[in-house]
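# Descriptive structure summary
The lines below spell out each chain.
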Amino acid sequence: MENCLFCKFVSKEFKTEIVFENDDFIIIKDIAPKAKNHYLAIPKKHFKLLADMTADDACLLGRILKTIPTLCNLLRLENGYRLVVNQGDDAGQTVPHLHVHILSGQKMEWNPA
Ligand code: 5GP
Ligand code: ZN
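### Observations regarding the side chain of His 101
Here His 101 is to be found in strand 5 (residues 100-104). Take His 101: its relative accessible area is 8%, and that puts it in the buried class. Here His 38 takes part through its side chain, which lies 2.8 Å from a polar atom of the side chain of His 101. Dropping the residues within four chain positions of it, His 101 is found in contact with Asp 30, His 38, Tyr 39, Leu 40, Arg 82, Leu 83, Val 84 and Asn 86.

### With respect to a nonpolar patch on the surface
Residues Leu 65, Tyr 81 and Leu 83 make up a contiguous nonpolar surface patch of roughly 240 Å² in combined accessible area. If you trace the backbone, Leu 83 turns up in strand 4 (residues 81-84).

### Examining the coordination of the zinc ion (ligand 2)
At 2.0 to 2.3 Å from the zinc ion (ligand 2) lie its protein donor atoms, namely Cys 4 (SG), Cys 7 (SG), His 46 (ND1) and His 97 (ND1). For the zinc ion (ligand 2), the 4 donor atoms in the first shell make angles of 106 to 116 degrees at the metal, so the coordination geometry reads as tetrahedral. Take His 46: its relative accessible area is 22%, and that puts it in the partly exposed class. Assessed through its relative accessible area of 0%, His 97 is described here as buried.

What counts as what
- Residues numbered from 1 in each chain as written.
- Chains lettered and ligands numbered in written order.
- Predicted model: local features only at pLDDT ≥ 70, side-chain atom pairs only at ≥ 80, totals over all residues.
- Heavy atoms only, no water.
- Helix = DSSP H or I, 4+ residues; strand = E, 2+ residues; numbered from the N terminus.
- Buried < 20%, exposed > 50% of the residue type's maximum accessible area, 1.4 Å probe, protein only.
- Polar contact = N/O pair within 3.5 Å; in protein donor to acceptor, adjacent residues only side chain to side chain.
- Contact = heavy atoms within 4.5 Å.
- Patch = residues over 30% accessible without salt bridge, like charges linked within 9 Å, V, L, I, M, F, W, Y side chains within 5 Å.
- Areas by Shrake-Rupley, 256 points an atom, 1.4 Å probe, with all protein chains shown as cover.
- Salt bridge = Lys/Arg side-chain N within 4 Å of Asp/Glu carboxyl O.
- Donors = N, O, S within 2.8 Å, 3.2 Å for Na, K, Ca; no water.
- Tetrahedral: all angles 85-135°; square planar, octahedral: opposite > 155°, others 65-115°.

Shape is all these values report; function is a separate question.
So, in structure tokens, the structure goes:
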């Protein structure tokens, strides 16, 4: 997708520190952390909304969700963590490429990122 920041991170056109990568997705640190540890899991395939997903995309997202807890040490998830997927304007989605926020390292109020 042209002019998509996260597609440019995936393609490496824009440099950023990639903390994990497999065939399905990359994980980067959020530039403006909303918790002590704040990572973004970014599918390599571009789509904006859960509502846009095909059946294959749903399997892709399922694999991503299954992989995240296997990265417990790398992402420092040992005391618990929160996943957030902002969808659209009211939720404050600023990057129109679906991504999962991974927040950990502190007690969290019910105040989603
Ligand atoms: P959203 O608001 O769409 O749910 O989440 C987008 C996230 O991307 C925000 O938490 C924001 O801080 C992060 N972000 C925006 N630009 C950059 C960037 O250039 N690098 C990194 N690492 N994160 C970014
Ligand atoms: Zn994209």
